[in-house]
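# Structural description and commentary
The primary structure of each chain is shown beneath.
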Protein chains: 2
Amino acid sequence: MTSGSPRPVTLSDVAAVAGVSLSTASKALNGSTRISATTRARIEDAARRLDFRPNALAQSFASGRSHTVGVLAHRATSTFSHPVLIGAVLRLGARERAALVYDGDRLDRNRVGESVRQLSARRIDGVLIVGDGHEQRTRSLTADFHAPVVYAYTATDDPDDLCFLPDNLDAGVLATRHLVGLGRTRIAHITAMYESIAVRRRETGFQQVLASSGLTQVGPTRHGSWTEEWGARAIGDLLAEHPDVEAIFCGNDHIAFGVLGVLERRGIRVPDDIALVGVDNWEGVILDQGTRRLTSIDLHLSEIGGRSVDALLDGVMLTGPQYQAPSVVVGATTGC
Amino acid sequence: MTSGSPRPVTLSDVAAVAGVSLSTASKALNGSTRISATTRARIEDAARRLDFRPNALAQSFASGRSHTVGVLAHRATSTFSHPVLIGAVLRLGARERAALVYDGDRLDRNRVGESVRQLSARRIDGVLIVGDGHEQRTRSLTADFHAPVVYAYTATDDPDDLCFLPDNLDAGVLATRHLVGLGRTRIAHITAMYESIAVRRRETGFQQVLASSGLTQVGPTRHGSWTEEWGARAIGDLLAEHPDVEAIFCGNDHIAFGVLGVLERRGIRVPDDIALVGVDNWEGVILDQGTRRLTSIDLHLSEIGGRSVDALLDGVMLTGPQYQAPSVVVGATTGC
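A short tour of the structure in this document, coming up. (Residues numbered from 1 in each chain as written. Chains lettered and ligands numbered in written order. Predicted model: local features only at pLDDT ≥ 70, side-chain atom pairs only at ≥ 80, totals over all residues. Heavy atoms only, no water.)

### Looking at the environment of Asp157(A)
All names here are of chain A. Under the convention used in this document: Starting at the N terminus, helices and strands are each numbered in turn, a helix being any DSSP run of H or I of at least four residues and a strand any DSSP run of E of at least two. Buried, partly exposed and exposed residues are distinguished by accessible area as a fraction of the type maximum, computed with a 1.4 Å probe on protein chains only: under 20%, between the cut-offs, and over 50%, respectively. The contact definition used throughout considers only heavy atoms, calling two residues in contact when any of these lie within 4.5 Å. Whenever a nitrogen or oxygen atom comes within 3.5 Å of another N or O atom, the pair is scored as a polar contact, on the condition that within protein one atom can donate a hydrogen and the other can accept it, and that pairs from neighbouring residues in sequence are kept only if both atoms are in side chains.
Locating Asp 157 in the fold gives a position in the loop between strand E4 (149-152) and strand E5 (162-166). Overall, the relative accessible area of 49% leaves Asp 157 in the partly exposed class. With residues up to four places along the chain from it excluded, the contact list for Asp 157 reads Arg 137, Thr 138, Arg 139 and Ser 140. Side-chain polar atoms of Asp 157 contact the backbone nitrogen of Ser 140, separated by 3.0 Å.

### A closer look at the pattern of salt bridges
Residues and elements named next belong to chain A. Threshold: A pair is scored as a salt bridge if a Lys or Arg side-chain nitrogen falls within 4 Å of a carboxyl oxygen belonging to Asp or Glu.
Applying the stated rule across the entire model yields 14 salt bridges over all chains. Where Asp 244 meets Arg 186, a salt bridge forms, and the shortest distance between an N and an O atom there is 2.9 Å. With Asp 244 in the loop between helix H10 (228-241) and strand E8 (247-250) and Arg 186 in the loop between helix H8 (168-181) and strand E6 (187-191), the pair connects residues that are 58 residues apart, well separated along the chain. For Asp 244, a relative accessible area of 41% gives the class partly exposed. For Arg 186, a relative accessible area of 29% puts it in the partly exposed group. Through salt bridges with shared partners, one network takes in Arg 91, Arg 95, Glu 303, Asp 310 and Asp 314.

### Points about the layout of surface pockets
Keep this limit in mind: Buriedness for pockets is judged along seven lines, at least five of which must meet protein on both sides within 12 Å for an open set on the 1 Å grid over protein atoms alone, while cavities are sets there where a 1.4 Å probe fits but cannot get out, and lining residues have an atom within 4 Å of a point. Grid points are joined across faces, edges and corners, and a volume is the space filled by probe spheres set on the points. In the scheme used here, Gly and all other residues not listed as nonpolar or charged are polar, with Ala, Val, Leu, Ile, Met, Phe, Trp, Tyr, Cys and Pro taken as nonpolar and Asp, Glu, Lys and Arg as charged.
As a volume, the second largest pocket reaches approximately 1,200 Å³. As for the second largest pocket, its lining consists of 47 residues, and the residues nearest its centre are Thr79(A), His82(A), Pro83(A), His82(B) and Pro83(B). Contributing elements (two or more residues each) for the lining of the second largest pocket: helix H5 (81-94), helix H12 (282-286) and helix H13 (301-314) of chain A together with helix H5 (81-94), helix H12 (282-286) and helix H13 (301-314) of chain B. It is H5(B) that contributes the most residues to the lining of the second largest pocket, seven residues altogether. Each residue belonging to the lining of the second largest pocket can be placed in one class, and the counts come to 18 nonpolar, 19 polar and ten charged.

### Digging into H13(B)
Residue and element names in this part refer to chain B. Selection criterion: Here the expected span of a helix is defined as 1.5 Å times the quantity of residues minus one.
Between its terminal C-alpha atoms H13 stretches 20 Å, which fits the 20 Å expected from 14 residues at 1.5 Å a residue. Looking only at H13, the buried set comprises Leu 301, Ile 304, Gly 305, Gly 306, Ser 308, Val 309, Ala 311, Leu 312 and Leu 313. Where H13 is buried, its residues contact strand E1 (68-73), H5, strand E3 (126-130), strand E4 (149-152), strand E5 (162-166) and strand E11 (320-324). Residue Gly 315 follows H13 closely and has a positive phi angle near 60 degrees.

### Thoughts on the nonpolar core
Nonpolar side chains in soluble globular proteins tend to be buried together. What counts here: The nonpolar core is taken to be a set of buried Ala, Val, Leu, Ile, Met, Phe, Trp, Tyr and Cys residues, with the residues joined through side-chain atoms within 4.5 Å.
Grouped together as the largest cluster of nonpolar side chains are 80 residues, with contacts concentrated most on Val71(A), Val101(A), Leu128(A), Val71(B), Val101(B) and Leu128(B). Residues within four places of Val101(A) in sequence aside, it is in contact with Val71(A), Ala73(A), Leu85(A), Val89(A), Val89(B), Leu90(B), Gly93(B) and Ala94(B). The next biggest cluster of nonpolar side chains, apart from the first, holds 34 residues, and it includes Tyr102(A), Val116(A), Phe145(A) and Leu165(A).

Below you can see the structure in the form of structure tokens.
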């Protein structure tokens, strides 16, 4: 853009270049059949050469569509909601839709009604509800809108709602398969509180792979919190009881980092003596540079936002939870 | 919302309730003076009682304004751009504006022209450009738009551009004042590469406070990278040369965590023997629970996004860089 401030090309410009009246140009570009083929070709050629873009606002008004999607972000300040929300607004932009984003306060304070009225006044084309990843099913808001509604990173109490979610079961499966694939047979699991559905799904995936591989879990699953502190404490107990453990599937990366710190301090070689896998690909989020230490499972939260937008705009006829496939990101804790 | 799916109240509803024609209702609500005061009052009363919201899309079209702001997100996937971008879209939503967000690929690939044309066709009310916090001044895009342009988290090569930035100088000042306020006099600085403007600004703030407090820096500033690895390496050298150091200002939280790990392993008490301050309030970003360990400087990146939006919508007449005041968040590494 070295040409300075561009005045948008208007239909009048096109008409002038094509040597026709404004109304003829309008008819031709709106597909009227009452224009001769020659004239139409001349007008279309002028529009192409001038890079004519019809006024999107006028088109929106004519079509009754705003090309705007309402986004209700529940607790948008939650760290893990960030990539979902950003994945959503970027996909909307890539598809030439604007996002009208209301923050979670309105949901928390049961002020959804106000958001619904505002969004209805905007004649939005659809509504995307972005959750905070907590496992409680949220109340369905679908009936509150005339426009289609899709949910990202939250499940609702209505089985007909279309909800895009991370696949925590498959996260456990992938992590454990990865460790088994390294030839480890003595594998333990350190994770967060049993009350979390994500915790239980990851654990189920872990145990399914062990069972299908003919392996027995080393010790019981150790339930605590999502913190480094818990990882550091749990690995101490695990090593005291099972010094021959060969691999640990950690419920998230924070737990894994706590485990890793203790192993390093004790001079236990990672991955030679003990291999480690976490969940969240946290280093992928925070690393601008430096070497990846931890092998982790990436839940592809940003893609959950993107797929939700695609489903909303494409009007897919799916219902119920849709699980986003995770993937293994290999770091030094299992790398060769 | 227990009332099910609401049909938006229309102007016809208002006219019917007020017992006037559609055109009279329209004139009254559009401020025409050719309606009697009594009739106007009756129509306004009906509109209020029905909670009538004029069709925002039709209003937009009539006013020539889209109530949509274009957001060009340069490298939006950068971790530190996330809070800026989310702060911006939430503030836009709070002010009833939609965001049309284009991702950084278009900037990277010099395809800004395409974004400009798309945004012009939308008749957007303004443009917010969200940078990636890197210190290189980006090329000004202001002249490419008819609408007002504001920059968040990036500076441009045009001194007339309005740019909202973190205050890295004040970050150094606050961190060092905090350490001096604890009574520490032997203070060192471990930070990232000298080439970074943020590094040099934070260092300048550090040295200004030392000078004004009559203190001398312990050893030279140690320049490395933004990583834990660098923090762990640098603290080893620092302790070897200056075992009597009492406090360390770390250029960011990753460096501080690297330092903290080494101090803990060596049994050096934090903060009793050595107090630590980082920058970024990283634990504020990642912590859903658990105890805050690190004292840090919060640069308030989300507020940078929010203030940029306010400036854009309010049409403030400022030019040049505007610095967001940071604040100290006290954790265990300086806490009492």
